[in-house]
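Coordinate analysis (summary)
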Amino acid sequence: PEAHSNDAGGTNPIGLEVHQTTFAFDRLGALGNILFMKYDIIYDPTATEPITKAYLSLWSDPDLGGAGDDLVGCVPELGLGYCYNATEDDKAYDIPPATGFDFFKGPTNTDGIEWPPGSGLVPETLPMTSFNKYINGTDPHTPIESYNFMQGLNADGTPLANGTTFVVPGDPLSNDDDVDSDEADRRFMMSAGPFTMQPGDTVEVVAAVIVGHGSSRLGSVTALKFYDSFAQTAFDNDFDLPRPPATPEVTTYELDRKVALSWNGLSEEDPGDYTFQGYNVYQGETQAGPWTLINTYDVADGVGRIFDLGLNIDNGEIYEQPMQFGADTGIERYLEISADALTWAGNPNLVNSHPYYFAVSAYSYDAASTPNNLESSFATVTVIPNTGEAGTRW
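Let me begin by describing the structure that accompanies this report. (Residues numbered from 1 in each chain as written. Predicted model: local features only at pLDDT ≥ 70, side-chain atom pairs only at ≥ 80, totals over all residues. Heavy atoms only, no water.)

This part covers the overall build of the protein chain. Of regular secondary structure, the protein chain possesses three helices and 19 strands. In terms of overall dimensions, the protein chain has C-alpha extents of about 80 × 45 × 45 Å along its principal axes. Counting only residues that meet the buried cut, the protein chain has 44% of its 394 residues in that class. Contacts in the protein chain between residues far apart in sequence, at least 24 positions, make up 67% of those at least 6 positions apart. When the accessible area of the protein chain is evaluated, it comes to approximately 19,200 Å², of which 50% is carbon and sulfur surface. Taking the 16 positively charged and 58 negatively charged side chains of the protein chain as two groups, their mean positions are separated by 6 Å. (Helix = DSSP H or I, 4+ residues; strand = E, 2+ residues; numbered from the N terminus. Buried < 20%, exposed > 50% of the residue type's maximum accessible area, 1.4 Å probe, protein only. Contact = heavy atoms within 4.5 Å. Areas by Shrake-Rupley, 256 points an atom, 1.4 Å probe, with all protein chains shown as cover. Lys, Arg positive; Asp, Glu negative; His and termini not counted. Charge placed at Lys NZ, Arg CZ, Asp CG, Glu CD.)

With that settled, the discussion passes to the sheet that holds strand β6 (residues 98–105). Two strands in a sheet stick together by hydrogen bonds in their backbones, pointing the same way (parallel) or opposite ways (antiparallel). Strand order in this open sheet of six strands is β1-β2-β9-β6-β5-β4, and the pairing throughout is antiparallel. Each having just a single partner strand, β1 (16–24) and β4 (70–75) make up the two edges of the open sheet. Averaged over all pairs of adjacent strands, the angle between their axes in this sheet comes to 20°, without regard to strand direction. As defined by bridge partners, β4 adjoins strand β5 (residues 80–85) across six bridges and the pair is classed as antiparallel. (Pairing = 2+ DSSP bridges. Axes fitted to C-alpha atoms, helices over the stretch in contact; angles between N-to-C directions.)

Turning next to the nonpolar core. In terms of nonpolar packing, the biggest core is built from 31 residues, with Phe103, Phe131 and Met190 touching the most fellow members. Of all the secondary structure elements, the ones that give two or more residues to this core are β2 (34–43), β3 (51–60), β4, β6, β8 (186–197) and β9 (202–212). Looking at this core, the element that brings in the most residues is β8, giving five residues. In this view, Phe103 contacts Leu56, Leu58, Gly79, Met128, Met190, Ser191, Ala192, Val205, Val206 and Gln232; residues no more than four positions away in its chain are not counted. Core analysis: the next-biggest nonpolar cluster, separate from the first, contains 22 residues, Leu31, Val75, Leu80 and Tyr227 among them. (Core = buried A, V, L, I, M, F, W, Y, C linked by side-chain atoms within 4.5 Å.)

Let us now look at unusual backbone geometry. Between Gly289 and the following residue, Pro290, the backbone shows a cis peptide bond with an omega angle of 0°. Checked against the element boundaries, Pro290 lands in the loop between β12 (275–284) and β13 (291–298). Looking along the chain, the bond that leaves Thr370 and enters Pro371 is cis, with omega of -5°. If you trace the backbone, Pro371 turns up in the loop between β17 (356–365) and β18 (373–375). Positive phi outside glycine occurs at Val168, with the angle close to 40°.

Time to look at the layout of surface pockets. Its boundaries defined by the atoms lining it, the second largest pocket holds a volume of some 1,200 Å³. Lining the second largest pocket are 33 residues, with Gly9, Ile14, Leu16, Tyr55 and Met150 sitting closest to its centre. Elements supplying a minimum of two residues to the lining of the second largest pocket: β1, β2, β3, α1 (143–150) and β8. Sorting elements by how many residues they give to the lining of the second largest pocket places β3 first, with nine residues. Residues of the lining of the second largest pocket, tallied by class, amount to 23 nonpolar, eight polar and two charged. (1 Å grid on protein atoms, 1.4 Å probe; cavity = no way out; pocket = protein on both sides within 12 Å on 5 of 7 lines; lining within 4 Å. Points joined across faces, edges and corners; volume = space filled by probe spheres on them. Nonpolar A, V, L, I, M, F, W, Y, C, P; charged D, E, K, R; others polar.)

What follows deals with α1. Among the residues making up α1, those that are buried are Ser146, Asn148, Phe149 and Met150. Residues of α1 that are buried make contact with β3, β7 (130–135) and β8. Residue Gly152 follows α1 closely and has a positive phi angle near 85°.

Before going further, it helps to examine the pairing of strand β19 (residues 379–383). Here β19 shows a clear split, with Ala379, Val381 and Val383 buried on one side and none of Thr380 and Thr382 buried on the other. As defined by bridge partners, β17 adjoins β19 across five bridges and the pair is classed as antiparallel. By the bridge assignment for β19, Tyr356 is matched with Val383.

Note that Gln277 resides in strand β12. Residue Gln277 is classed as buried on the basis of its relative accessible area, which comes to 2%. Not counting chain neighbours up to four residues away, the residues in contact with Gln277 comprise Tyr297, Asp298, Val299, Asp301, Val303, Ile306, Ile331, Tyr363, Ser364 and Tyr365.

Set out below in structure tokens:
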């Protein structure tokens, strides 16, 4: 009991034990931008009373870069709550990303709740049933205020002004009226309920943290929603996804105003579920990107550029676009680099003693599948051109 000191929830222990499993996928695309969390919530089998009218919340103080310029929103039909930047500039990011949470699997609908209300539908598990927010410093100060927020009410128990249980459900890309404004250090909670737990019951909940990074602050929101929808489909299909090629293993060579990369043929030996097609070489602004494609080496088999459906992160539209940029050049596994694709400090050539970041990936292709191409995770390296020790003969 002495550990339950937070005035927003300072009740006595209620007999719940939580087992948390956290996992992620080492691959590009939507699944590479998501961290999954599975919670097994177990109610004490020796308890004498059920827990009724229960709500489960994901709570976040997101602090997206600079905390004072954050906005939040939600997409009830996706079960998504998210945070995005109010301006195109942020003290931590050149282009601010967006981050969000999703209930991929909510608590079991033990009480037969109809959702959406009035639809006549009674889902097996509960989706996000409310979304609420407040500014740092206006946190709930009693368990009852917290419980009111969880139900999608105001802190005092009165209904929300928009007549729903979701604050700011509007779309910021469409300039809807019901969107967040007056940026500040936001905190939000997204909840699912009510449900009942009998002594000894276990509730399994799966949630995720998602990051979207576009070419603008609202483009990041678009990317976030796209990744969320893709990942929900992957989860619903038990992650039964085609496997990309193995990641190539890269060796680096640091030369005078030049670097060299070589990599092995592991990806060709293990192409995953599609046919091996080629390698991509990227240069990054940092060890984590963003990445600029500088070379592609692909099998000379008549398959050059590969087009597939993809997301335009600026306008949110999905249309066919080039995804891989082969030119039937044939496979190479060695590249010398003397030009800076990012022109660090305005210099078009590599300079000694400055770190540069590169990555090599492999991709595969199957014209009859969706998606029709799969790219491995990046093998990233840091190299620093130098003149070598005295006596070095290149």
